[in-house]
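A closer look at the structure
Single-letter residue listing:
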Amino acid sequence: MAMASSRLWASKAASYLRISTFNRPFATLVKDLKYADSHEWAKIEGNSATIGITDHAQDHLGDVVYVELPEVGTEVTQGNGFGAVESVKATSDINSPVSGKVVQVNEELNSSPGLVNGSPYENGWIIKVEMSNADEVKSLMDSEQYSKFCEEEDDH
C-alpha cells in the first residue's frame, strides 16, 4: 500500500511542479520549455534563454564527466554547436536552440559536471543567451511534440 501512496504523492508533486512523468524509457519533460531536435532545451524569459540538454539526452549519454563551456560574449547560432558534453560513453556536441550572445555560463559544471545528469532542467543548465531573434523560438518543439519525437527516434 505504501508504494501506491508514494506513487500518488510523486504524481501530485510532479503535477504541481508542472513536470510530465513517464515510466522509462520516456524521459522527464518540463512543460514550459522549448525543445530542439538535437535534444537541447530552452527556457524563454523575455529576450533571454537558459539552455541545457534534455533528460532524454543525458540518459542516453550516461554519467557526464566534463562539460565544455563557451566564453561569456560568444555569439551562438541556432542549430550550431557551442560546446560539448563528455560522458563515460561518448562525447556529444551541444547545439544552441536559439541565436544570440552568451551572457552567462554555468561555472558550477566545471567542478560538478554530474549536475547535467542529476538536475538537467535546474542546476544542470549550461548557458544563458540574450536572443538576437526571438522568432526562432517558433521553430522549437513544445514538450508534447518533443515527447513524440523521442518516442519515434527510440523506435528506430
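Here's a quick rundown of the structure. What you see is a predicted model; the values in this text were computed from it and never measured.

A few words now on a negative patch on the surface. On the surface, D37, E151, E152, E153, D154 and D155 cluster together to form a negatively charged patch. Tracing the backbone through its elements, the reader meets E152 in helix α5 (residues 143-155).

With 25 residues, the main nonpolar core has I51, I53, V67, V98, I126 and I127 as its most contacted residues. At the level of elements, β5 (48-53), α2 (55-61), β6 (64-68), β8 (81-87), β10 (100-105) and β11 (127-131) are the ones that each hand at least two residues to this core. When residues no more than four places from it in sequence are discounted, the contact partners of V98 are A49, I51, V76, T77, Q78, V129, M131, E136, V137 and L140. Counting residues in each nonpolar core, the second largest holds 10 residues, with L29, L33, Y35 and W125 among its members.

Glancing now at the pattern of salt bridges. Tallying each qualifying case throughout the model produces 2 salt bridges. The partner of E144 in a salt bridge is K148, and the shortest N-O contact between them spans 4.0 Å. Residue E144 and its partner K148 are located together in helix α5, separated by 4 residues, close to a single helical turn.

With respect to the element layout, H56 can be found in helix α2. Along the sequence, H56 and E40 sit 16 residues apart, while their C-alpha atoms lie 9.5 Å from each other.

Let us look at the environment of N106. Its location among the elements puts N106 in the loop between β10 and α3 (108-111). Put simply, N106 and N123 are 17 residues apart on the chain and 8.5 Å apart in space, counted from C-alpha to C-alpha. Once you skip the residues sitting within four places of it in the chain, N106 turns out to touch L69, N123, G124, W125 and I126. A polar contact is formed between the side chain of N106 and the backbone oxygen of W125, at a distance of 2.7 Å.

Parameters at a glance
Residues numbered from 1 in each chain as written. Predicted model: local features only at pLDDT ≥ 70, side-chain atom pairs only at ≥ 80, totals over all residues. Heavy atoms only, no water. Patch = residues over 30% accessible without salt bridge, like charges linked within 9 Å, V, L, I, M, F, W, Y side chains within 5 Å. Areas by Shrake-Rupley, 256 points an atom, 1.4 Å probe, with all protein chains shown as cover. Salt bridge = Lys/Arg side-chain N within 4 Å of Asp/Glu carboxyl O. Lys, Arg positive; Asp, Glu negative; His and termini not counted. Charge placed at Lys NZ, Arg CZ, Asp CG, Glu CD. Helix = DSSP H or I, 4+ residues; strand = E, 2+ residues; numbered from the N terminus. Core = buried A, V, L, I, M, F, W, Y, C linked by side-chain atoms within 4.5 Å. Buried < 20%, exposed > 50% of the residue type's maximum accessible area, 1.4 Å probe, protein only. Contact = heavy atoms within 4.5 Å. Polar contact = N/O pair within 3.5 Å; in protein donor to acceptor, adjacent residues only side chain to side chain.

Interpretation note: all reported values are geometric properties and have no functional meaning in isolation.
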